[in-house]
There are 2 protein chains.
Amino acid sequence: MKNILKYPAKNTWEILLQRPVLEKANLRNTVQEIFSEVRNAGDFALKKYSEKFDQVNLKNLAVSPEEIEFATKEVSDELKNAIAQAKENIFKFHFAQKEKSVEIETTEGVVCWRESRPIEKVGLYIPGGTAPLFSTVLMLAIPAQIAGCKEIILCTPPQKNGTINPAILYAASLCGVSKIFKVGGAQAIAALTFGTESIPKVDKIFGPGNQYVTQAKQLATEYNVAIDLPAGPSEVLVIADESANPTFCAADLLSQAEHGTDSQVIFIATDEQILEETLAEIEKQVLELPRREIAKITLNSSQFILAKSVEQAIEISNFYAPEHLILAVDNPRNYVCKITNAGSVFLGNYTPEAAGDYASGTNHTLPTNGFAKNYSGVSLDSFVKKMTVQEISKKGILKIGKTIEVMAEAEGLFAHKNAVSLRLKSLQNGI
Amino acid sequence: MKNILKYPAKNTWEILLQRPVLEKANLRNTVQEIFSEVRNAGDFALKKYSEKFDQVNLKNLAVSPEEIEFATKEVSDELKNAIAQAKENIFKFHFAQKEKSVEIETTEGVVCWRESRPIEKVGLYIPGGTAPLFSTVLMLAIPAQIAGCKEIILCTPPQKNGTINPAILYAASLCGVSKIFKVGGAQAIAALTFGTESIPKVDKIFGPGNQYVTQAKQLATEYNVAIDLPAGPSEVLVIADESANPTFCAADLLSQAEHGTDSQVIFIATDEQILEETLAEIEKQVLELPRREIAKITLNSSQFILAKSVEQAIEISNFYAPEHLILAVDNPRNYVCKITNAGSVFLGNYTPEAAGDYASGTNHTLPTNGFAKNYSGVSLDSFVKKMTVQEISKKGILKIGKTIEVMAEAEGLFAHKNAVSLRLKSLQNGI
């Protein structure tokens, strides 16, 4: 059974809550080489990597309309209904993020506003591996479609038989993805960065991936492509008081633990009994899980902490800045204002993290690795640029002209000053 | 006199509008070395670099309260008044960007919303050099203050006598900057990334700078610090129809040209006479400018294009994605909806770029180098994270539980499914 840390002193939090440090140095060279290859040899390089890494010999990188049609038949009605409800909720929540343009008259005759414009071409990366993450397709393609992105390109590695999981294809076709390509790993990111004969170059790349994909996305930014978020292993921090349900807490902790052996799981309770019961529940529930071996390894590096109060627990959480924060406490809304660093927050006993992962409507692409301190999760904002516009009338320039002249001169920029002086002069002369 | 390009074919635009490619490869090693030094030796390294690069032997890196008091006396009342008006306008425009939290009920009993939280510690970098950019202090510190950032740290290189330009200190003290340090270049960015004995480590770094600073900011992201925007040389694209004023157009183009020899200046007119008169005006006005040598070099690599219509001119502009776009055309508002890629837009004959640089209220930290395709300029959003929150009632989980179960199972994540199943079961059992 896991050790319980009782009332840890503040100066121990840093060590206690340390995340695993990801080794990056060696990856950079490997990924740089893949970038060079793809830049030089295009599709040929992608097919070569597919043979090497995916053990597939691909004729076409692009998924055909027939393949999508076939996938649509493969997906069960039950799953289609589930995807439909999730899509509706995700759509509602992200659609509400549309910004209405509001004109601000900062000085009489000086009117300024913002307008959103879609990022024209976006690339969505969906990893392969054990879990076919069609939910991530929804989380990325739905806001891209709401934003009005012209081209939504999806890359995902092929399975060994050369196909893509039907649920991924179905979700993509449902949410306005323009083109789907069978390519994974750092080479997919390289293709979206430079473009190849088949795959268009994009303006921004989204989506999770392993350490190679992560490094590739970082490298893509050096070639003027934007990315959604720096990535890291997934995390949950659960805060529980005496009103919490240990069965639910254990299930939530385990649903994070099953993600991967590098997942981070932290439990902070204000009640020792709840803590012990949750630990006992974990021991029980873990046995039933297909992915129990992964979960067990994760749990070994997890932390179980006893705190004095919910406030102190939140203080610890703010220090850690978790991707997901569950408040299994009485009157959870009262504490939201105290949360300063978290990706997404789940309130009360009936709001499991899994709800946000799939269907509540919030986005599941969230800041991990402490990035909740300085990054937002993916939202509609991630798929648009906000352009400012200003219109100044003759009266307006008369009102702020002097200010601009004085400031420009003080910065030694006389052409800036002159652009205003000439206008003021023309107005005084009545031209 | 500059060549005029008449009605260039679309397939020539790419070459025509090519930006200078910045050489990065060698800088990375130099900056990496500075990062290592600062990480290891802290303030000692900063002082050593100050001696080497700024020719100053500093006792204290921090600006003292006495220095700020002295600077306040140094700044003229005229400049103080100008700064006050600019501050008010910038404040109004950015304050209006505060997002009101709106609850969305995506399914009955499933309520989701977003809340903004300030990024706790931000670092503002203000370059030294020929122009003391106190206007950039306003553009960064005002939204940081509105956002509620707890620590606003400013770094700027000392002048040769060891002091900072009084206008910079005055603007900083006016806008809630917590601490000011005399340190510039890549070493300042390193200090903000790792922290030193004097300088706090921050969560996000803002501000312009030379190629070393730009490379340093890029490198900072590899150490989990966020940055405002990737940087590049400043740009303006002016579109003029027959209603434009050649004197004003020339002045606006020159105000961009005086920034630096790498500035980009593009003029597109639909009227040949306006084009020629603007060129003649440039020849005349440039002679009067203190920074005329810089402006002349910039103008050599500028482009003067004759287009068929304002629509075509905007198409060219969208392709280029300028930082600043001036529409010196009749009824400019009619064309705003056609603009897809631009940092900030200036409408009509009385809205010079200089207004946005200083005092209209919009932010002057904007996407250059084509980044208007995939990045927004700095706004209040740049200083906050948006956290999502969800609260699901018993009724709500009964409504979306099945969807989550089906999707989790289809992704092979049974612990995720279980987190919902256990809750549904407890409700069915009436626990």
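Just so we're clear, the structure is a prediction, and the values are computed from it rather than from any experiment.

We now examine the relation of the copies chain A and chain B. Superposition of the two copies of the chain requires a rotation about an axis and a shift along the axis. Under the fitted operation, chain A is carried onto chain B by 0.0 Å of movement along the axis and a turn of 180 degrees, and the coordinates agree to an RMSD of 0.0 Å. Each copy turns onto its partner about a two-fold axis. Interface overlap between copies is the fraction of interface residues in one copy that are interface residues in the other; for chain A against chain B it reaches 99%, indicating a shared surface.

Residue and element names in this part refer to chain A. Across its 12 residues, helix α10 (residues 246-257) extends 16 Å between first and last C-alpha, which sits within 8% of the 16 Å expected from 1.5 Å per residue. Extensive coverage of α10 is indicated by the burial of 11 of its 12 residues. The residue sitting at the N-terminus of α10 and contributing the capping side-chain oxygen is Asn245; that oxygen lies 2.9 Å from the backbone nitrogen of Thr247.

On to the sheet that holds strand β5 (residues 151-156) of chain B. Residues and elements named next belong to chain B. Strand order in this open sheet of 5 strands is β6-β5-β4-β7-β8, and the pairing throughout is parallel. The open sheet has two edge strands, β6 (179-182) and β8 (226-227), and neither has a second partner. Relative to β5, strand β4 (residues 121-125) is paired through 5 bridges, and the arrangement is parallel. Paired with Tyr125 across the two strands is Cys155, which belongs to β5. Taken strand by strand, helix α8 (residues 185-194) contacts β4, β5 and β7 (204-206), and its axis lies near 175 degrees from that of β4.

Taken together, the contact between chain A and chain B spans 123 residues of the former and 122 residues of the latter. Roughly 10,700 Å² is buried in total at the junction of chain A and chain B, and carbon and sulfur atoms are behind 56% of that figure. Sorting the residues of chain A by area buried against chain B places A:Tyr350, A:Glu411 and A:Arg423 first, and these three jointly supply 8% of that buried surface. In this assembly, chain A and chain B are joined by 14 salt bridges. Note that B:Glu78 and A:Lys402 form a salt bridge whose closest N and O atoms lie 3.0 Å from each other. Scanning the region where chain A abuts chain B turns up 80 residue pairs in polar contact (both at pLDDT 80 or more). A per-class count over the side of chain A that touches chain B returns 60 nonpolar, 36 polar and 27 charged. Note that strand β14 (residues 384-392) of chain A and strand β13 (residues 344-347) of chain B share 4 bridges and pair parallel. Counterpart to A:Glu391 in the pairing with β13(B) is B:Leu347.

Looking now at the environment of A:Leu58. Residue and element names in this part refer to chain A. Within the secondary structure, Leu58 is located in the loop between α3 (43-54) and α4 (65-74). Looking at Leu58, the relative accessible area reads 8%, which means it is buried. Considering only alpha carbons, one finds Leu58 and Lys47, 11 residues apart in sequence, at a separation of 6.2 Å. The contact partners of Leu58, leaving out residues within four places of it in the chain, are Lys47, Ser50, Pro158, Gly162 and Lys182.

What follows covers the pattern of salt bridges. Taken as a whole, this structure holds 46 salt bridges over all chains when the rule is applied. Residues B:Asp228 and B:Lys217 are paired through a salt bridge, measuring 2.7 Å at the closest nitrogen-oxygen approach. Of this pair, B:Asp228 sits in the loop between β8 and β9 (235-240) while B:Lys217 sits in helix α9 (residues 211-221), and the two are 11 residues apart along the sequence. Linked by salt bridges that have partners in common, A:Glu99, A:Arg114, A:Asp381, A:Lys386, B:Glu99, B:Arg114, B:Asp381 and B:Lys386 make up one network.

Moving on, we come to the sheet that holds strand β4 (residues 121-125) of chain A. Residues and elements named next belong to chain A. A sheet is described by the order of its strands in space; here 5 strands give the open sequence β6-β5-β4-β7-β8, paired in parallel fashion. A strand with exactly one partner marks an edge of an open sheet, and here the two such strands are β6 (179-182) and β8 (226-227). Two elements, strand β7 (residues 204-206) and β8, share 2 bridges in a ladder whose sense is parallel. Residue pairing across strands places Ile205 opposite Ile227, the latter belonging to β8. Strands in contact with helix α9 (residues 211-221) are β4, β7 and β8; relative to β7, the strand with the most contacts, it is inclined by about 165 degrees.

Residues and elements named next belong to chain A. Here the UniProt feature "active site" (unreviewed entry) sits at Glu323 and His324. Residue position: Glu323 is located in the loop between α13 (310-320) and β12 (324-328). Taking relative accessible area as the criterion, Glu323 reaches 5% and is therefore assigned buried. Excluding residues within four positions of it along the chain, Glu323 makes contact with Ser234, Glu235, Ala342, Gly343, Ser344, His364, Leu366, Pro367 and Thr368. Separated by 2.9 Å, the side chain of Glu323 and the backbone nitrogen of Glu235 make a polar contact. Note that His324 resides in strand β12. Taking the relative accessible area as the measure of exposure, His324 reaches 2% and is therefore buried. Residues in contact with His324, not counting those within four places in the same chain, are Ser234, Glu235, Val236, Leu237, Gln256, Ser344, Phe346, Glu353, Asp357 and Leu366. Here Glu235 takes part through its backbone oxygen, which lies 2.8 Å from a polar atom of the side chain of His324.

A separate point is the pairing of strand β3 (residues 110-118) of chain A. Residues and elements named next belong to chain A. The buried fraction of β3 amounts to 7 of the 9 residues, a majority that puts the element mostly inside the structure. As paired elements, strand β2 (residues 104-107) and β3 share 3 bridges and run antiparallel to each other. Residue pairing for β3: Glu105 is matched across the bridge by Val111. Where β2 hands over to β3, the hairpin turn is made up of 2 residues, of which Gly109 adopts a positive phi near 85 degrees. Pairing geometry for β3 and β14, over 9 bridges, is antiparallel. Paired with Ser116 across the bridge in β14 is Lys386.

Attention now goes to the environment of A:Asn26. Inspection of the secondary structure assignment puts A:Asn26 in helix α2 (residues 25-41). A C-alpha to C-alpha distance of 45 Å links A:Asn26 and A:Arg333, two positions 307 residues apart in sequence.

Each value, and the rule that gives it
Residues numbered from 1 in each chain as written. Chains lettered and ligands numbered in written order. Predicted model: local features only at pLDDT ≥ 70, side-chain atom pairs only at ≥ 80, totals over all residues. Heavy atoms only, no water. Least-squares fit on C-alpha atoms with pLDDT ≥ 70 in both. Contact = heavy atoms within 4.5 Å. Helix = DSSP H or I, 4+ residues; strand = E, 2+ residues; numbered from the N terminus. Expected span 1.5 Å × (residues − 1). Buried < 20%, exposed > 50% of the residue type's maximum accessible area, 1.4 Å probe, protein only. Polar contact = N/O pair within 3.5 Å; in protein donor to acceptor, adjacent residues only side chain to side chain. Pairing = 2+ DSSP bridges. Axes fitted to C-alpha atoms, helices over the stretch in contact; angles between N-to-C directions. Buried area = accessible area lost by both parts, 1.4 Å probe. Salt bridge = Lys/Arg side-chain N within 4 Å of Asp/Glu carboxyl O. Nonpolar A, V, L, I, M, F, W, Y, C, P; charged D, E, K, R; others polar. UniProt positions renumbered as here; feature names shortened; annotations may be inferred.

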